Amino acid sequence: MRIDVDWTRCDGHGLCALLLAENLTTDAAGFPVVTRADVPPGAERDARRAAAACPALALRVIADT
Ligand code: SF4
């Protein structure tokens, strides 16, 4: 599983970084910075929760094939 940010949608509120600290932090302007794209074992639920909470539908969780 990995995450992806659609930068054409992201409004930079930083909510995702609070919910998925394993993968995201924020820059000085509040936009997310992907520190690692692959979701570590045990963080899958947090990743899905962060994607569902994104008000701009900008954060996607992509399952491994
Ligand atoms: S929650 Fe969504 S809109 Fe907000 S910073 Fe994260 S990806 Fe961008």
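As the structure is a computational prediction, the values presented were derived from the model and not from experiment.

Caption draft 1: Local environment of the overall build of the protein. Scanning the protein from terminus to terminus reveals two helices and four strands. Counting from the amino terminus, the protein carries its helices and strands in the arrangement β-α-β-β-α-β. Here the C-alpha atoms of the protein give a radius of gyration of 11 Å, agreeing with the 11 Å that 2.2 N^0.38 yields for 65 residues. With respect to the principal axes defined by its C-alpha atoms, the protein has extents near 30 × 20 × 15 Å. Counting across all 65 residues of the protein, residues that qualify as buried make up 37%. Looking at the protein alone, contacts between residues at least 24 apart form 52% of all its contacts between residues at least 6 apart. Carbon together with sulfur atoms contributes 52% to the accessible area of the protein, which is approximately 4,100 Å² in total. Charged side chains of the protein number 7 positive and 9 negative; the gap between the two group centres comes to 6 Å.

Caption draft 2: Local environment of the site of the ligand. Around the ligand sit Cys 10, Asp 11, Gly 12, His 13, Gly 14, Leu 15, Cys 16, Pro 32, Cys 54, Pro 55, Ala 56 and Ala 58, and those are all the residues in its vicinity. Judged by the fraction of its atoms near the pocket grid, the ligand is located in the largest cavity. Per-class residue counts for the shell around the ligand are eight nonpolar, three polar and one charged.

Caption draft 3: Quick look at the environment of Asn 23. Structurally, Asn 23 is set in the loop between helix H1 (15-19) and strand E2 (24-26). Separated by 11 residues in the primary sequence, Asn 23 and Val 34 have C-alpha atoms spaced 5.9 Å apart. Dropping the residues within four chain positions of it, Asn 23 is found in contact with Ile 3, Val 33, Val 34, Thr 35, Arg 36, Ala 37, Asp 38, Val 39 and Pro 40.

Analysis parameters
- Residues numbered from 1 in each chain as written.
- Predicted model: local features only at pLDDT ≥ 70, side-chain atom pairs only at ≥ 80, totals over all residues.
- Heavy atoms only, no water.
- Helix = DSSP H or I, 4+ residues; strand = E, 2+ residues; numbered from the N terminus.
- Rg over C-alpha atoms; globule rule 2.2 N^0.38 Å.
- Buried < 20%, exposed > 50% of the residue type's maximum accessible area, 1.4 Å probe, protein only.
- Contact = heavy atoms within 4.5 Å.
- Areas by Shrake-Rupley, 256 points an atom, 1.4 Å probe, with all protein chains shown as cover.
- Lys, Arg positive; Asp, Glu negative; His and termini not counted.
- Charge placed at Lys NZ, Arg CZ, Asp CG, Glu CD.
- Near = heavy atom within 4 Å.
- 1 Å grid on protein atoms, 1.4 Å probe; cavity = no way out; pocket = protein on both sides within 12 Å on 5 of 7 lines; lining within 4 Å.
- Sits in = over half its atoms within 2 Å of the grid points.
- Nonpolar A, V, L, I, M, F, W, Y, C, P; charged D, E, K, R; others polar.

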